[in-house]
Amino acid sequence: MNRSRQYVPLIRMTDVGLYCEAGGFFIDPHRGSVNQAVITHAHSDHARNVANTFHATTSSAPILYKRLGGNIDLCGYDYGETFILGDTRVSLHPAGHVLGSAQVRIEHEGEVWVVTGDFKRDDDPSCVPFEVVACDTLISEATFALPIYRWAPAAEIAKDILNWWETNIFYQQTSVLFCYALGKAQRVLAELYKITNRTVLLHGAVSPLVEIYRDAGIKMLATENLDLKIKRDYSGELVIAPPGAAGSAWMRRFKGAQTGFCSGWMRVRGNRRRRGYDRGFVLSDHADWPSLLQTISECGAKNVLLHHGFSDILVRYLNEQGINAESLIST
Ligand SMILES: [Zn+2]
Ligand SMILES: [Zn+2]
């Protein structure tokens, strides 16, 4: 019988995460128990301890060991280094998102797919810049895929943060700045390093990750770990803490503090008010609308598959431009 072979996509979404059958591996699996996992970066929604063997960049290894435990089976690779998984050739390329973050390039029978993982195109002195990787099919995140999301340069946001801090010093208030513990906190410290030489106090969830970045050679402002056993006056200090510490008992020691939150979500004013922060600083580690379009155009993909965030809006926009795009749904 002469039946044409049914087309099987090289990578598909499953309820465990992205799966490459030809390579026998998952990308960022989030549950279950799998054999081989390629990890794009160490954020907790991407790196879970659910695989026998992990493949990731060497530069993300210290963070993965810290978060998943020192006894995981982890194979580390340099950016651009090729390794074989099943019938595929795989390599990891800078995603510009956080230290060690990678896009995954998968080659199989002459076909090339790239999975961006979380990525951004903006300047970030705390990680290697995004690299455009040519491909036939691009699987991209679409977290901020709305035209309202356009980021100002981080250097400008850092100036705003410094002005806010200095104003609070004038009024003898403490500045508590909430940032994601991995990536955002270090990016802010690296940007501030260029414009001030003050010292920043760190919440206990942030300091070990700052140490890992320092060990990787990232230049950041001097920091001090908060010692909660010591009773002291924090007026005029800048404290960096994870968002989870907002509104907790931990905050009580900073009476009358001004609070700020660094996130792309601060682009929408209501978010700041709803979450009860005094200031919102629009700083994101994800691609904004122009960067998503730029990336899709530059990689030359014939097919674009989108997931996360506002993927439907971007699919519609791309289809209107004559680009073959779809939302990635579990099969
Ligand atoms: Zn991430
Ligand atoms: Zn993510």
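For every chain, the first residue of the written sequence is number 1, and numbering continues from 1 along that sequence. Think of it this way: whatever chain is written first is A, whatever ligand is written first is 1, and the rest follow in order. This being a predicted model, a pLDDT of at least 70 is required before a residue's local features are given, and a value of 80 or more before pairs of side-chain atoms are given or counted; all residues contribute to the totals for chains, interfaces and linings. Only hydrogens and water are set aside; all other atoms, that is, all heavy atoms of the structure, feed into the side-chain values.

Let's shift gears to the domain arrangement of the chain. Quite often, the size of an interface is put as the accessible area lost when its parts meet. Structurally, the chain comprises domain 1 (11-148 + 286-327) and domain 2 (154-281). Contacts between residues were defined by any pair of non-hydrogen atoms, one from each residue, lying within 4.5 Å. In this assembly, 18 residues from domain 1 lie in contact with 18 residues from domain 2. Both faces considered, domain 1 and domain 2 share a buried interface measuring about 1500 Å² in area, 75% of it formed by carbon and sulfur atoms. Salt bridge, as applied in this entry: a Lys or Arg side-chain nitrogen positioned within 4 Å of an Asp or Glu carboxyl oxygen. Taken together, the connections running from domain 1 to domain 2 amount to one salt bridge. Asp-124 is the salt-bridge partner of Arg-187, the closest N and O atoms lying 3.8 Å from each other. By the criterion applied in these results, polar contacts are pairs of N or O atoms within 3.5 Å in which, for protein atoms, one can donate a hydrogen and the other can accept it, and in which residues neighboring in sequence qualify only through two side-chain atoms. If you look at where domain 1 meets domain 2, you find four residue pairs in polar contact (both at pLDDT 80 or more). Any residue that is not Ala, Val, Leu, Ile, Met, Phe, Trp, Tyr, Cys, Pro, Asp, Glu, Lys or Arg is counted as polar, Gly included; the first ten are nonpolar and the last four charged. Of the residues belonging to the side of domain 1 that touches domain 2, the class tally is nine nonpolar, three polar and six charged. Boundary definitions for the domains trace back to an automatic or database domain assignment. Computed with a 1.4 Å rolling probe, the buried area is the accessible surface lost when two parts are put together, summed over both parts.

Let us look at the coordination of the zinc ion (ligand 2). Donor atoms from the polypeptide that coordinate the zinc ion (ligand 2) comprise His-46 (NE2) and Asp-118 (OD), at 2.1 Å from the metal. A donor here means any N, O or S atom no more than 2.8 Å from the metal (3.2 Å for Na, K and Ca); water is not included, so a site may seem to lack partners. The metal-metal distance between the zinc ion (ligand 2) and the zinc ion (ligand 1) is 3.6 Å, with Asp-118 serving as a donor to both. Of the two residues, His-46 sits in the loop between β4 (34-38) and β5 (51-57) while Asp-118 sits in the loop between β10 (111-115) and β11 (137-141), which places them 72 residues apart along the sequence. Of the residues examined, His-46 reaches a relative accessible area of 6% and is grouped as buried. When accessible area is computed with a 1.4 Å probe and restricted to protein chains, residues below 20% of their type maximum are described as buried, those above 50% as exposed, and intermediate ones as partly exposed. Using a relative accessible area of 6% as the deciding quantity, one classes Asp-118 as buried. Counting from the N terminus, the helices are the DSSP runs of H or I reaching at least four residues and the strands are the DSSP runs of E reaching at least two.

Here, strands pair whenever DSSP counts at least two bridges between them. The strand order β14-β13-β15-β12-β16-β17 describes an open sheet built from six strands, whose pairing is parallel. Two strands bound the open sheet, and with one partner strand each, they are β14 (223-225) and β17 (279-281). Between one strand axis and the next, the sheet turns by 25° as a mean value, whatever way the strands run. Note: strand β13 (residues 200-202) against β14, three bridges, orientation parallel. Directly across from Val-200, in β14, lies its bridge partner Thr-223. Interaxial angle, 0 to 180 degrees, is taken between N-to-C directions of lines fitted to C-alpha atoms, where a helix line uses only the stretch in contact.

Once that is clear, we can look at the packing of helix α2 (residues 154-170) against helix α3 (residues 184-193). When two helices pack together, their arrangement is given by the angle between their axes and by how far apart the axes lie. The interhelical angle for the contact between α2 and α3, taken along N-to-C directions, is 85°, at an axis separation of 9 Å. In this view, α2 runs roughly perpendicular relative to α3, as classed from their interaxial angle. Residue-level inspection shows Ala-154, Ala-155, Ala-158, Ile-161 and Leu-162 of α2 in contact with α3, the latter providing Arg-187, Val-188, Glu-191 and Leu-192. For classification, angles of less than 35 degrees are called roughly parallel, those exceeding 145 degrees roughly antiparallel, those between 65 and 115 degrees roughly perpendicular, and all remaining angles oblique.

The next thing to look at is the side chain of Glu-191. Here Glu-191 is to be found in helix α3. With sequence-adjacent residues up to four places away left out, Glu-191 is seen in contact with Asp-123, Pro-125, Ala-154, Ala-155 and Ala-158.

Quick look at the coordination of the zinc ion (ligand 1) now. At this site the zinc ion (ligand 1) is bound by His-41 (NE2), His-43 (ND1), His-97 (NE2) and Asp-118 (OD), with donor distances of 2.1 to 2.3 Å. Sites are called tetrahedral only when four donors show all angles between 85 and 135 degrees, square planar or octahedral only when four or six donors show opposite pairs over 155 degrees and all other angles between 65 and 115, and irregular in any remaining case. Taken together, the four donor atoms surrounding the zinc ion (ligand 1) define angles of 91 to 163° at the centre, an arrangement classified as irregular. In primary sequence terms, the donor set of the zinc ion (ligand 1) follows H-x1-H-x53-H-x20-D.

Turning to helix α6 (residues 289-298), a few remarks are in order. Those residues of α6 that sit buried are Trp-289, Ser-291, Leu-292, Thr-295 and Ile-296. Buried positions in α6, seen along its axis, are confined to an arc of 165° and lie on one side of it. Count one or two residues on from α6 and you reach Gly-300, which has phi positive near 70°. What the arc covers is the set of directions going from the helix axis to the C-beta atoms.

Here we come to the packing of aromatic side chains. In summary, the pairing rule links any two rings of Phe, Tyr or Trp, Trp by its six-membered ring, whose centres are within 6.5 Å, and it sorts them by plane angle into stacked for under 30 degrees, edge-to-face for over 60 and tilted for everything else. Counted under the stated rule, the structure contains 17 aromatic pairs. Between Phe-119 and Phe-130, the aromatic rings sit 5.0 Å apart at their centres with planes inclined by 35°, giving tilted as the arrangement. With Phe-119 in the loop between β10 and β11 and Phe-130 in the loop between β10 and β11, the pair connects residues that are eleven residues apart, well separated along the chain. Centre to centre, the rings of Phe-170 and Tyr-171 are 5.0 Å apart; their planes meet at 90°, and the pair counts as edge-to-face. An identical accessibility class is assigned to Phe-170 and Tyr-171; each is exposed. Pairwise contacts between aromatic rings join Phe-144, Tyr-149, Trp-151, Trp-265 and Phe-310 into one cluster. Whether a charge lies above a ring is judged from NZ of Lys or CZ of Arg, which has to be within 6 Å of the ring centre and within 35 degrees of the ring normal. The positively charged end of Arg-198 is found above the aromatic ring belonging to Trp-165, 5.6 Å away from the centroid.

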